[in-house]
Amino acid sequence: MTDWKATQNGDGGWAYSRGCSWTEPTVFVLLAQSASTSDRDSLAKGMKFLSSIARQDGGSSPQPGVEESTWVTALVALLPEDAVRERQRRQAIDWLKSRTGRESGWRYKLQQRLGGSKEEYPDGWPWFPGAAAWVIPTSLGILAFERALRRGDAERDELQVRVDAAKRFLLGHVCADGGWNHGSNKALGRDGDSYPETTGIALLALNGVASGQIERAKAAARKHLETCRTAEGIAWLRMGLAAHGEIPAPVFDPVCRTNMDEALMALAGAARNPLLA
């Protein structure tokens, strides 16, 4: 079992590897702890760090030195009740409700000008406010809203509408091989290739969805798992497939080089994934 306290910084957060604390590895380490046994002192220090990255607009920044709220706000909303203050969690959900991807393609701009159907261009989430939507922040936004729905947070209908739209976004961005890459499934008129980590995280966000597209995505995930050697890719692929009832064993045993690697592998090996709890 990883000794998380040994790698925790004095401000309560965790670095990706070493150095200053960042929101992303801190959240995933806290999630990994919640999947086993949390150390109360470590948890309290982690909560203190998360408070330091809360911003006045209700979102959270990637680290204390950054003032702008970004996609990491969804990560804060994913934490269990004992790892983040309720006020910060609710503010995170409110911040996410007000953010959508600003698409830049000519078809989208024409649709907006003509007032076409919103169903054709569903909302995803961007990395940064004002940018286009991408697969990973959209997947994390779905997971955050679904967690809020399971908690019984207010405005259930509004949250569900956004979840449904974001899932349509993911299903509309499937690559020709059945998986997902970071953004568009085509570039310069050519089909794009999918990646292990994005395929795994999108499958995780689409838990509960059953369709021919999901079957193709699962096949793509299995194929990626046969050759993937990175801890990040293997962990997300295993979590994505597990969300659809498959418990695959990795072909390769990856070397965990960062706190993120350790945390993600711990989540992939957990009996119950806290991202879906």
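In this numbering scheme, every chain counts its residues from 1 along its sequence in written order. Only residues with pLDDT of at least 70 get local features here, since the model is predicted, and only at 80 or more are side-chain atom pairs given and counted; chain-wide, interface and lining totals rely on the full set of residues. The side-chain figures draw on all heavy atoms in the structure; neither hydrogens nor water molecules are used.

**Regarding the packing of helix H10 (residues 212-227) against helix H11 (residues 231-242)**
A pair of packed helices is characterised by two quantities: the angle between their axes and the separation of those axes.
1) Next: To define axes, lines are fitted to C-alpha atoms, for helices over the stretch in contact only, and angles between the resulting N-to-C directions are given on a 0 to 180 degree scale. Helix and strand assignments follow DSSP, with helices taken as H or I runs no shorter than four residues and strands as E runs no shorter than two, numbered in order from the N terminus. The contact between H10 and H11 brings their axes to 10 Å, and the two run at 145°. In the packing of H10 onto H11, the handedness of the crossing is left-handed. In this structure, H10 contributes Lys218, Ala221, Arg222, His224 and Leu225 to the contact, and H11 contributes Ile234, Leu237, Arg238 and Leu241.
2) Next: Amino acids are sorted into nonpolar (Ala, Val, Leu, Ile, Met, Phe, Trp, Tyr, Cys and Pro), charged (Asp, Glu, Lys and Arg) and polar (every other residue, Gly among them). Looking at the contact of H10 with H11 residue by residue, the class counts come to five nonpolar, one polar and three charged. Should the near helix be turned counterclockwise from the far one by less than a right angle, the crossing is left-handed, whereas a clockwise turn marks it as right-handed. Contacts were defined at the residue level, with two residues in contact if any of their heavy atoms lie within 4.5 Å.

**As for the packing of aromatic side chains**
When we look at a pair of aromatic rings, we describe it by the centre distance and by the angle of the planes.
1) Next: The aromatic pairing rule takes the rings of Phe, Tyr and Trp, using the six-membered ring of Trp, and pairs them if the centres are within 6.5 Å, calling planes under 30 degrees apart stacked, those over 60 edge-to-face and the rest tilted. Within the structure shown, the criterion is met by four aromatic pairs.
2) Next: When the centroid spacing of 5.8 Å and the interplanar angle of 50° are considered together, the rings of Tyr16 and Trp22 count as tilted.
3) Next: Judged by relative accessible area, which is 32%, Tyr16 ranks as partly exposed.
4) Next: By definition, being over a ring means that NZ of Lys or CZ of Arg is both within 6 Å of the ring centre and within 35 degrees of the ring normal. The residue whose ring lies beneath Arg162 is Trp125, and the NZ or CZ to ring-centre distance is 3.9 Å.
5) Next: The ring of Phe252 is capped by Arg229, whose NZ or CZ atom sits 3.8 Å from the centre of that ring. Type-normalised accessible area, obtained with a 1.4 Å probe on protein chains alone, sets the label of each residue: buried when under 20%, exposed when over 50%, and partly exposed for intermediate values.

**Some thoughts on empty space enclosed by the protein**
1) Next: A cavity, in this analysis, means grid points on a 1 Å lattice covering only the protein atoms where a 1.4 Å probe fits yet has no way out; a pocket is instead an open set bounded by protein on both sides within 12 Å along at least five of seven lines, and a residue lines either one if it has an atom within 4 Å of a point. Grid points are joined across faces, edges and corners, and a volume is the space filled by probe spheres set on the points. Under the counting rule described, the total for this entry stands at one cavity of 30 Å³ or more.
2) Next: Considered as a void within the structure, the largest cavity measures approximately 60 Å³ in volume.
3) Next: For the lining of the largest cavity, the per-class residue count stands at 10 nonpolar, one polar and one charged.

**Quick notes on the packing of helix H7 (residues 135-151) against helix H9 (residues 196-205)**
1) Next: Closest axis-to-axis distance for the H7/H9 pair is 9 Å, and the angle between their directions is 25°. Comparing the axis directions of H7 and H9 gives the class roughly parallel. Where H7 crosses over H9, the handedness of that crossing is left-handed. Between H7 and H9, the contacting residues are Val135, Ile136, Ser139, Leu140, Ile142, Leu143 and Glu146 on the first element and Thr198, Ile201, Ala202, Leu204 and Ala205 on the second.
2) Next: For the contact of H7 with H9, the class distribution of residues is nine nonpolar, two polar and one charged. Roughly parallel here means an angle under 35 degrees, roughly antiparallel means over 145, roughly perpendicular means 65 to 115, and every remaining angle is called oblique.

**Digging into the nonpolar core**
1) Next: Formed by 70 residues in total, the largest nonpolar core has its most connected members in Phe28, Leu140, Leu170, Trp180 and Met239.
2) Next: It is H7 that provides the largest number of residues to this core, a total of nine residues. The set of buried Ala, Val, Leu, Ile, Met, Phe, Trp, Tyr and Cys residues whose side-chain atoms join them within 4.5 Å is what this entry labels a nonpolar core.

**Describing the confidence of the model for the protein chain**
1) Next: pLDDT measures the predictor's confidence residue by residue and takes values from 0 up to 100. Averaged over all residues, the pLDDT of the protein chain is 90; the fraction at 70 or higher stands at 90%.
2) Next: Here helix H6 (residues 106-114) stands out as the element of the protein chain with the lowest mean pLDDT, 46, in contrast to H9, whose mean of 98 is the highest.
3) Next: Note that pLDDT drops below 50 for residues 104-110; the model gives that stretch five contacts with residues more than four away or on any other chain.

**A word on the environment of Trp71**
1) Next: You can see Trp71 is positioned in the loop between helix H3 (40-52) and helix H4 (73-77).
2) Next: Trp71 sits 57 residues away from Phe128 along the chain, and the two C-alpha atoms are 6.2 Å apart.

**Quick word on the side chain of Arg55**
1) Next: Locating Arg55 in the fold gives a position in the loop between H3 and H4.
2) Next: For Arg55, a relative accessible area of 13% translates into the label buried.
3) Next: Polar contact criterion, stated in full: a pair of N or O atoms within 3.5 Å, where within protein one must be able to donate a hydrogen and the other to accept it, and residues adjacent in sequence count only if both atoms are side-chain atoms. A distance of 2.9 Å separates a polar side-chain atom of Arg55 from the backbone oxygen of Val66.
4) Next: Contacts of Arg55, omitting those with residues within four sequence positions, involve Ser61, Gln63, Pro64, Val66, Glu67 and Ser69.

**Quick word on the environment of Val66**
1) Next: Relative to the assigned elements, Val66 resides in the loop between H3 and H4.
2) Next: The spatial distance from the C-alpha of Val66 to the C-alpha of Arg55 is 9.7 Å, given a sequence separation of 11 residues.

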